[in-house]
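Each chain, written out:
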Amino acid sequence: MKIIVVDDEPLVKQYIVQCVRDAGGENEITAAVTSGAKVLQEMKANPADVVFADITMPKMDGIELLQELRRQYPSTAVIMLTCHDNFEYARAAMQNGAKDYILKTEVSADKIRAVLDKLQSSRQQRISESAVQQIGRSRFLRSMVEQSEDMTPVSAVDLQENSIYLNERAFLTVVFLNQGQNAEIMQENMREHFENPLFYAYSEQEVYLLVNIRRNAFAEEQDAAAYFYQCAERLNGGIGCSGVHHHFTNLPKSFAEAVRDFDARFYQASAQKLPHEIHVSEVETCIMRATIKLTDGDIQGGCADLERLLQCAEKYKVRSSFLRETVQQLFSGLAVKLEPELQHTADAVVSCCTFAALCEAVREGIAVLQRKHGVGYSAAIRKALDHINAHYAEDLSLNTVADVVFLNRDYLSRQFKKEVGVNFSEYLMSVRMKQARCLLENSSLRISEVALRVGITNMSYFSTVFHKVFGCKPNDVRKNKQSG
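Quantities reported herein were computed from a predicted structural model and do not represent experimental measurements.

Trainee: I'm lost on the side chain of Lys104 in this one. Help?
Mentor: Among the structural elements, Lys104 can be located in the loop between strand S5 (100-103) and helix H5 (109-146). For Lys104, a relative accessible area of 17% corresponds to the buried category.

Trainee: How should unusual backbone geometry be read in this particular structure?
Mentor: Even without being a glycine, Lys59 presents a positive backbone phi close to 65°. Located in the positive-phi region is Asn216, a residue other than glycine, with phi close to 60°. Here Asn216 shows up in the loop between strand S8 (206-213) and helix H8 (223-231).

Trainee: So what exactly am I meant to see when it comes to the nonpolar core here?
Mentor: When a protein is soluble and globular, its nonpolar side chains tend to lie buried together. Of all hydrophobic cores here, the largest spans 36 residues; its most connected members are Leu306, Leu323 and Phe331. Examining the composition of this core, we find that nine residues originate from one element, helix H14 (residues 355-372), more than from any other. Phe331 has contacts with Leu306, Leu342, Thr345, Ala346, Val362 and Gly365, leaving out every residue within four places of it along the chain. Core analysis: the second largest hydrophobic core is formed by 35 residues, Leu385, Leu412, Val420 and Leu445 among them.

Trainee: I'm lost on helix H7 (residues 182-190) in this one. Help?
Mentor: Spacing of three or four residues puts side chains on the same side of an α-helix, whose turn is 3.6 residues. Within the sequence span of H7, burial applies to Asn182, Ile185, Met186, Asn189 and Met190. The arc that holds the buried residues of H7, viewed along the axis, is 115°, so those residues lie on one side.

Trainee: What is the right way to look at the state of the cysteines in this model?
Mentor: What is meant by a disulfide is a covalent connection between two cysteines, made through their sulfur atoms. This structure, assessed with the given rule, holds zero disulfides. This cysteine, Cys359, is not joined by any disulfide, and Cys352 carries the nearest cysteine sulfur, 9.0 Å off. For Cys359, a relative accessible area of 8% translates into the label buried.

Trainee: How do you make sense of the sheet that holds strand S2 (residues 28-33) when you look at a structure like this?
Mentor: Picture the strands of a sheet paired through backbone hydrogen bonds; they go either parallel or antiparallel. Judged by pairing direction, the sheet is parallel, and its five strands sit side by side in the order S2-S1-S3-S4-S5 without closing on themselves. The open sheet has two edge strands with one neighbour each: S2 and S5. This sheet shows a mean twist of 20° between the axes of neighbouring strands, independent of strand direction. As paired elements, strand S4 (residues 77-82) and S5 share four bridges and run parallel to each other.

Trainee: Would you take a moment to explain the pattern of salt bridges for this structure?
Mentor: Where charged atoms from two side chains of opposite charge approach closely, those side chains can pair. Considering all chains together, one arrives at 20 salt bridges under this definition. One salt bridge connects Arg363 with Glu307, and the closest N-O pair in it is separated by 3.1 Å. You can see Arg363 sitting in helix H14 and its partner Glu307 sitting in helix H11 (residues 299-316), a full 56 residues away along the chain. Each of the salt bridges in this network shares a partner with another, and the network as a whole consists of Asp7, Asp54 and Lys104.

Cut-offs and rules
Residues numbered from 1 in each chain as written. Predicted model: local features only at pLDDT ≥ 70, side-chain atom pairs only at ≥ 80, totals over all residues. Heavy atoms only, no water. Helix = DSSP H or I, 4+ residues; strand = E, 2+ residues; numbered from the N terminus. Buried < 20%, exposed > 50% of the residue type's maximum accessible area, 1.4 Å probe, protein only. Core = buried A, V, L, I, M, F, W, Y, C linked by side-chain atoms within 4.5 Å. Contact = heavy atoms within 4.5 Å. Arc of directions from axis to C-beta. Disulfide = S-S within 2.5 Å. Pairing = 2+ DSSP bridges. Axes fitted to C-alpha atoms, helices over the stretch in contact; angles between N-to-C directions. Salt bridge = Lys/Arg side-chain N within 4 Å of Asp/Glu carboxyl O.

Below you can see the structure in the form of structure tokens.
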């Protein structure tokens, strides 16, 4: 354990240091100082597990130091030292949270060893108890997320037994992506309006936050969800919020609402219209077929199955976390077996906060597969794509491109959809949005100028489409760039 010794008498301080060293064990004295202020300085640079502190020191005495250590470093154990054999001193020390109390006349290596052994034993017991509590709490919270049909009603006793310190008054559940600094951002933004927060990392994809609303924090309780939606502008990925509830029996409902809201925002659909069936097997079948075909060298067939996967996901609105995770694993595996560049697709998929953005990422991966493995487009479609990528900022139409590639407009439309997987207008808009985001992140152009640079003259339409594709407003991208 790391130990700091503080006593305003240098000879006494040195004697205590020697006793600690003679006590043996895996202990390290990180500092020996003469004032409480110096202890706090040392704690900032190198926090200690144990502080041996003189109870009577000038300026900041031992009790004041103890109180400050308890406030700033609650896990640090403080052992008070005094030459006063007076019960009042001992009681004052113990009431303020001291772990033990030693008379200076009784200080010896054996006495120090006994105190440190007791502390270590207590510490190990707390760690074991904490681990058991954590396991129980995780099991309970997992049951809230997964919600089996035979689930029993939740009571205050259930929460107490699982060390969940939530108030029954005004609570809600929030779910967000387990990415980057998301948890830190959420914690930083909720201190003023919320209390009793509990973060639960359900998986590599999702983190759940269970929290109470402070009294009088909002004019209307339902404004709490709107507050979190504003926080989402700074997050990597999407967010989902439940309504506000007032009884623990509604805890499962709160989790379910957060999940449905999260998925509704991902698919940009109404939560009421999301199917209640999971339909996992259909998506898994598409993934399996695509994986088998691609690894066997049937690139065209595998890419077709990837398109079917997207169609299936859109039709059944499967859980967004499940979809992101399985697609990310698919492309990570393909990056190892077929093409390392596909790892970029895998990384992009994880942070997609809308289904449209995920489709965009997957189709970029499909393009990589086709380009790298000799499965390309017909000459006419290749020429059409090249023209679009070169002239996306102009007033392009299907007729214009048909003239460039010398094809009938209707035939080009059918062939484009067949080979590329999306229709002409969807592909053109995806190119424009991709270029717009690049300009927002890498230039100081005004948003209206960015829209014009990619061929869109209507600012309202530009913002609407941008939000649909990326799940955020153009201005949010600029703000994130400036804050980063």
